[in-house]
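Survey of secondary and tertiary structure
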Amino acid sequence: MRALKLFFCYLAAAAFTGCASYHLGPANGAVAGDKSVEVLPFNNQTLQPRLGDAITQAVRQRLQADATFHLATSQPGDIVVTGVITRYAREGLSYLNTDVITPENYRVGLVAHVTVRERATGRLLLDKDLKAFSLVHVGTDLASAERQSLPLIASDFARELVQLLAEGAW
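Every value quoted in this text rests on a predicted model; they were computed, and no experiment measured them.

**A closer look at the overall build of the protein chain**
The helix and strand tally for the protein chain stands at three helices and six strands. Along the protein chain, from the amino end to the carboxyl end, the secondary structure elements read α-β-β-α-β-β-β-β-α. The buried share of the protein chain, reckoned over its 170 residues, is 34%. Restricting to contacts in the protein chain with at least 6 residues of sequence separation, those with at least 24 account for 67%.

**A short note on the confidence of the model for the protein chain**
On average, the protein chain scores 84 in pLDDT, and the residues at 70 or more come to 81%. Ranking the elements of the protein chain by mean pLDDT puts helix α1 (residues 2-18) last, at 65, and strand β2 (residues 43-44) first, at 97.

**Quick word on the layout of surface pockets**
The volume enclosed by the largest pocket comes to roughly 220 Å³. Mapped by element, the contributors of at least two residues to the lining of the largest pocket are β4 (79-95), β5 (103-118) and β6 (124-137). Counted by class, the lining of the largest pocket contains five nonpolar, one polar and five charged residues.

**Focus: the packing of aromatic side chains**
Counted under the stated rule, the structure contains one aromatic pair. Seen from their ring centres, Phe42 and Phe157 are 5.8 Å apart, and the 90° between their planes marks the pair as edge-to-face. Of this pair, Phe42 sits in the loop between β1 (36-39) and β2 while Phe157 sits in helix α3 (residues 142-167), and the two are 115 residues apart along the sequence. Here the guanidinium or amino end of Arg90 rests over the ring plane of Tyr106, the centre of that ring lying 5.7 Å away. Across the ring face of Phe133, the terminal group of Arg107 is positioned such that the distance to the ring centre comes to 3.9 Å.

**Structural notes on the nonpolar core**
The nonpolar side chains of a soluble globular protein tend to be buried with one another. With 35 residues, the main nonpolar core has Phe42, Phe157 and Leu161 as its most contacted residues. Elements with a minimum of two residues in this core: β1, α2 (51-66), β4, β5, β6 and α3. The dominant element in this core, judged by the number of residues it contributes, is α3, at nine residues. The contacts of Phe42, once residues within four sequence positions are left out, are Gly52, Ile55, Thr56, Val59, Val81, Gly83, Val84, Ile85, Val114, Phe157 and Leu161.

**A closer look at the pattern of salt bridges**
Think of it this way: side chains of opposite charge can pair up when their charged atoms draw near. According to the stated counting rule, one finds four salt bridges in the structure shown. The shortest N-O distance in the salt bridge between Arg159 and Asp156 comes to 2.4 Å. Taken together, the residues Arg159 and Asp156, both in helix α3 and three residues apart, mark about one turn of the helix. Asp156 gets classed as buried once you look at its relative accessible area, which sits at 17%.

**Quick notes on the pairing of β1**
Because side chains alternate across β1, one face comprises the buried residues Ser36 and Glu38, and the other comprises Val37 and Val39, equally buried. In this structure, β1 lies alongside strand β3 (residues 70-71), joined through two bridges in parallel fashion. Bridging across to β3, Val37 finds its partner in Leu71. Relative to β4, β1 runs parallel, the two sharing three bridges. Bridge assignment links Glu38 to a residue of β4, and that residue is Val80.

**Comments concerning the side chain of Gln48**
Tracing the chain through its elements places Gln48 in the loop between β2 and α2. Ignoring anything within four residues of it in the chain, the contact list for Gln48 reads Tyr88 and Glu146.

**What about unusual backbone geometry?**
At Arg50, a position not held by glycine, the phi torsion is positive, near 65°. Checked against the element boundaries, Arg50 lands in the loop between β2 and α2. Even without being a glycine, Ala67 presents a positive backbone phi close to 65°. Checked against the element boundaries, Ala67 lands in the loop between α2 and β3.

Rules used in this analysis
Counting restarts for each chain: residues are numbered from 1 in the order of the written sequence. It should be noted that, the model being predicted, local features are given only for residues of pLDDT at least 70 and side-chain atom pairs only at 80 or more, the latter also being counted only at that level, while totals for whole chains, interfaces and linings use all residues. In computing side-chain properties, one takes all heavy atoms of the structure into account and sets aside hydrogens as well as water. What counts as a helix is a DSSP run of H or I of at least four residues, what counts as a strand is a run of E of at least two, and both are numbered from the N terminus. Think of it in three bands: residues with accessible area under 20% of the maximum for their type are buried, residues over 50% are exposed, and the middle band is partly exposed, with areas taken using a 1.4 Å probe on protein chains only. A contact between two residues is defined here by any heavy atoms of the two lying within 4.5 Å. Summary of the metric used: pLDDT quantifies the predictor's per-residue confidence within the range 0 to 100. As defined here, a cavity is a set of points on a 1 Å grid over the protein atoms alone where a 1.4 Å probe fits but cannot get out. A pocket is an open set with protein on both sides within 12 Å along at least five of seven lines, and residues line them when an atom is within 4 Å of a point. Grid points are joined across faces, edges and corners, and a volume is the space filled by probe spheres set on the points. Residues are grouped as follows: Ala, Val, Leu, Ile, Met, Phe, Trp, Tyr, Cys and Pro are nonpolar; Asp, Glu, Lys and Arg are charged; every other residue, Gly included, is polar. Note on aromatic pairs: the rings of Phe, Tyr and Trp (six-membered ring only in Trp) are paired at centre separations within 6.5 Å, and the planes decide the class, stacked below 30 degrees, edge-to-face beyond 60, tilted for the rest. Both a distance and an angle decide whether a charge sits over a ring: NZ of Lys or CZ of Arg must be within 6 Å of the ring centre and within 35 degrees of the ring normal. Residues grouped as a nonpolar core are buried Ala, Val, Leu, Ile, Met, Phe, Trp, Tyr and Cys residues, joined through side-chain atoms within 4.5 Å. The salt bridge definition used is simple: a Lys or Arg side-chain nitrogen within 4 Å of an Asp or Glu carboxyl oxygen. For two strands to pair, DSSP has to find at least two bridges joining them.

As structure tokens, then:
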């Protein structure tokens, strides 16, 4: 009986010490919501319509959901995010059994150059090309399938960008 109590004490001690390094809030040591982020509309230099709007909206929504930063809507933010979408492409992944030239599934992706600066000092915090992609099953209509994948690509891009912002050392 004594050995069983001792075992449970060791088990409880191991469980509590395993979580000792975990803390709530931003990973960079900043106070959650302390800094505000202003997301300027992304410039779309591709031929894909509405891509800039989708990316901008997804980044804003992801910032609000993450809550590491406060999204600046009515006043200028402490941190300014700008971006230029430079590439949008689709590549065939798998092809029809009856026709080896016609793709059945595509990988649709984009590349955007993102710049993040502190408004007060002008210091460059992030200057990087980010990529995002989604898999698309064509079915009967490629245009509809691509249009439906746009929110998925935007969400993937926003997740990557907000993660970089949240983990950055300011």
